[in-house]
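# Structural characterization, general
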Amino acid sequence: MATTTTRIVLSLSLYKVTFMSSSFFLLLLLLLLLHLQTHLVLGDANGLKTCGFDRIYQFGDSMSDTGNLVRESAVGANTSFARLPYGQTFFHNATGRCSDGRLMIDFFAMAAGLPFLDPYLNTDGDFRHGANFAVASSTALPVEVLANKNILTMYTNSSLSVQLNWMSTHFYSIFHAEEDYGDKLKNSLFMLGETGGNDYNYAFVQGKTNAEVKSMVPEVVQAIVDAVRKVIHYGAVRVVVPGNFPIGCFPIYLTIFQTNDSTAYDEHHCLKQFNEFTMYHNNHLQQAIEELKRQYPNAIIVYGDYYNAFWWLLRCARHLGFDANSIQKACCGIGGDYKFSLIDGCGDPEVKVCPNLNQHISWDGVHLTQQTYMTLAG
Ligand SMILES: *[C@@H]1O[C@H](CO)[C@@H](O)[C@H](O)[C@H]1NC(C)=O
Ligand SMILES: *[C@@H]1O[C@H](CO)[C@@H](O)[C@H](O)[C@H]1NC(C)=O
Ligand SMILES: *[C@@H]1O[C@H](CO)[C@@H](O)[C@H](O)[C@H]1NC(C)=O
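Residues numbered from 1 in each chain as written. Chains lettered and ligands numbered in written order. Predicted model: local features only at pLDDT ≥ 70, side-chain atom pairs only at ≥ 80, totals over all residues. Heavy atoms only, no water.

Secondary structure assignment for the protein yields 15 helices and five strands. A buried classification covers 57% of the 378 residues belonging to the protein. The contacts in the protein between residues at least 6 apart in sequence include a share of 71% that link residues at least 24 apart. As displayed, the protein offers around 15,500 Å² of accessible surface, 52% of which is attributable to carbon and sulfur atoms. (Helix = DSSP H or I, 4+ residues; strand = E, 2+ residues; numbered from the N terminus. Buried < 20%, exposed > 50% of the residue type's maximum accessible area, 1.4 Å probe, protein only. Contact = heavy atoms within 4.5 Å. Areas by Shrake-Rupley, 256 points an atom, 1.4 Å probe, with all protein chains shown as cover.)

For the rest of this paragraph, the subject is the pairing of strand S5 (residues 300–304). The buried count for S5 comes to five of five residues, which makes it a mostly enclosed element. Residues Ile300, Val302 and Gly304 line one face of S5 and the alternating positions Ile301 and Tyr303 line the opposite face, and both faces are buried. Alignment of strand S4 (residues 238–242) against S5, held across five bridges, turns out to be parallel. Within S5, the residue paired with Arg238 across the bridge is Ile300. (Pairing = 2+ DSSP bridges.)

One can find Pro119 in the loop between helix H5 (104–111) and strand S2 (130–132). On the basis of relative accessibility, which here comes to 4%, the residue Pro119 falls in the buried class. Through-space distance from the C-alpha of Pro119 to that of Arg71 is 8.9 Å; in sequence the pair is 48 residues apart. Residues contacting Pro119, with those up to four places away along its chain left out, are Thr66, Gly67, Asn68, Arg71, Phe127 and Asn132.

Roughly 890 Å³ of volume is contained in the largest pocket. Of all elements in the fold, only helix H9 (197–205) and helix H12 (251–256) reach the threshold of two or more residues within the lining of the largest pocket. Residue contributions to the lining of the largest pocket peak at five residues, all from H9. Residues belonging to the lining of the largest pocket are distributed by class as follows: 20 nonpolar, 13 polar and seven charged. (1 Å grid on protein atoms, 1.4 Å probe; cavity = no way out; pocket = protein on both sides within 12 Å on 5 of 7 lines; lining within 4 Å. Points joined across faces, edges and corners; volume = space filled by probe spheres on them. Nonpolar A, V, L, I, M, F, W, Y, C, P; charged D, E, K, R; others polar.)

What follows concerns the pairing of S4. Taken across its five residues, S4 has five buried, putting it largely inside the fold. Neither face of S4 is exposed, since Arg238, Val240 and Pro242 on one face and Val239 and Val241 on the opposite face are all buried. As judged from the two bridges shared by strand S3 (residues 188–192) and S4, these two strands associate in the parallel manner. Looking across to S4, one finds that Met191 is bridged to Val240.

Moving on, we get to the nonpolar core. By size, the foremost hydrophobic cluster in this structure holds 106 residues, and its most contacted members are Phe59, Phe190, Val231, Val239, Phe245, Phe310 and Ile361. With ten residues, helix H11 (residues 217–234) is the single largest residue contributor to this core. Ignoring any residue separated from it by four or fewer positions in sequence, one finds Phe310 in contact with Phe245, Pro246, Cys249, Phe250, Ile361, Leu368 and Leu376. (Core = buried A, V, L, I, M, F, W, Y, C linked by side-chain atoms within 4.5 Å.)

On to the state of the cysteines, then. One pass over the structure, following the stated rule, counts three disulfides. Shown here is the disulfide that connects Cys249 with Cys270, its sulfur atoms set 2.2 Å apart. Given an S-S torsion of about 105°, the disulfide between Cys249 and Cys270 has right-handed geometry. Of the two residues, Cys249 sits in the loop between S4 and H12 while Cys270 sits in the loop between H12 and helix H13 (272–295), which places them 21 residues apart along the sequence. As far as burial versus exposure is concerned, Cys249 and Cys270 are alike and both buried. A sulfur-sulfur distance of 2.1 Å marks the disulfide that ties Cys331 to Cys354. Taking the sign of the S-S torsion, -100° for the link of Cys331 and Cys354, the bridge is left-handed. (Disulfide = S-S within 2.5 Å.)

Here we take up the confidence of the model for the protein. Summary statistics for the protein give a mean pLDDT of 89 and a share of 85% for residues scoring 70 or more. Below pLDDT 50 for its whole length, residues 1–22 participates in 49 contacts with residues either more than four positions away or in separate chains. Contacts of residues 36–46 to residues separated by more than four positions or lying in other chains number 20 contacts, the stretch itself having pLDDT below 50. (pLDDT = per-residue confidence, 0-100.)

Laid out in structure tokens, this is it:
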């Protein structure tokens, strides 16, 4: 682990390329711990346990939910995420994670020497090492704001602001009425996302034009910025704000927006329009983060470059052990070129899991396999 990290930090210093490596999470943690700037070279990384994070707080959607949606309501409990084959790998049981197994946040917690984060809505949860407020299907913008744009949300109303309210309630319950939790939170890691992806997913799938969805970006980014401000005001000093994945490479987008126009696809056969859109969001987010860094010089705020991490994974897919013929096919899915259908999804009785699960990038056409999350997390 130390060698890999050292190599990455070295290459970082040479090329000023952030996180285009399998171990970008390790690097994130190191940046957070050591206030590393891109010109610094690190020689003595001994793994994440030395980072001394004592708690992790996660916000976001299905990329990070470890069991909130399936506990939240009858609607959530009835989603396929509450059933096998979700969770078949590692857990051998559905946990509410939207994957066959562990998510990036699980590998992240493991690397930090902490237990898996319990979902906040687990009444038996152990929250001494943090809590997971992420809810699958949730949005960055409140559902009413989206409803005003005629964008319907599904399964949950627990958008980012609701998750932040849960955090306030939670901190009040564990720290009581103290004014400032800064001393308690100085070794905590706050993961603000990925979030916002669903705001756009719902909009695109419901027929909004590219221009209409682009016009939502400043608002979505503002919601994320407000969330960063809120956690910092509670005392957070180490915050990771991830961007979004290149959604134009995901089976759901490739299926719904399939076209015979070959110029619509890039060299990895991803839909350019949607990857460009994600970059547009990510660029706005990065600019906003730069501004936050100026406003809060005492906090360490790091952008998590999921986009380029995924791009690296695509580029090196074969080398990393993924099946070249299945790169854009869902493992758990049926139908069409990408083995994805909006009608028959993973979790439906007729939908089977592929035999070579660990060689698939996409689990169900929307979410990634444990193997992918593990590779991305390093
Ligand atoms: C549960 O989901 C099934 C389809 O997957 C649907 O027919 C049923 O109405 C749902 N029940 C509830 C309580 O939402
Ligand atoms: C979301 O809120 C609306 C309005 O209060 C309510 O009707 C709906 O049942 C809620 N949805 C869920 C999934 O909780
Ligand atoms: C692509 O072309 C084929 C053959 O001409 C046609 O059947 C199909 O509907 C087209 N697909 C789309 C998405 O336009």
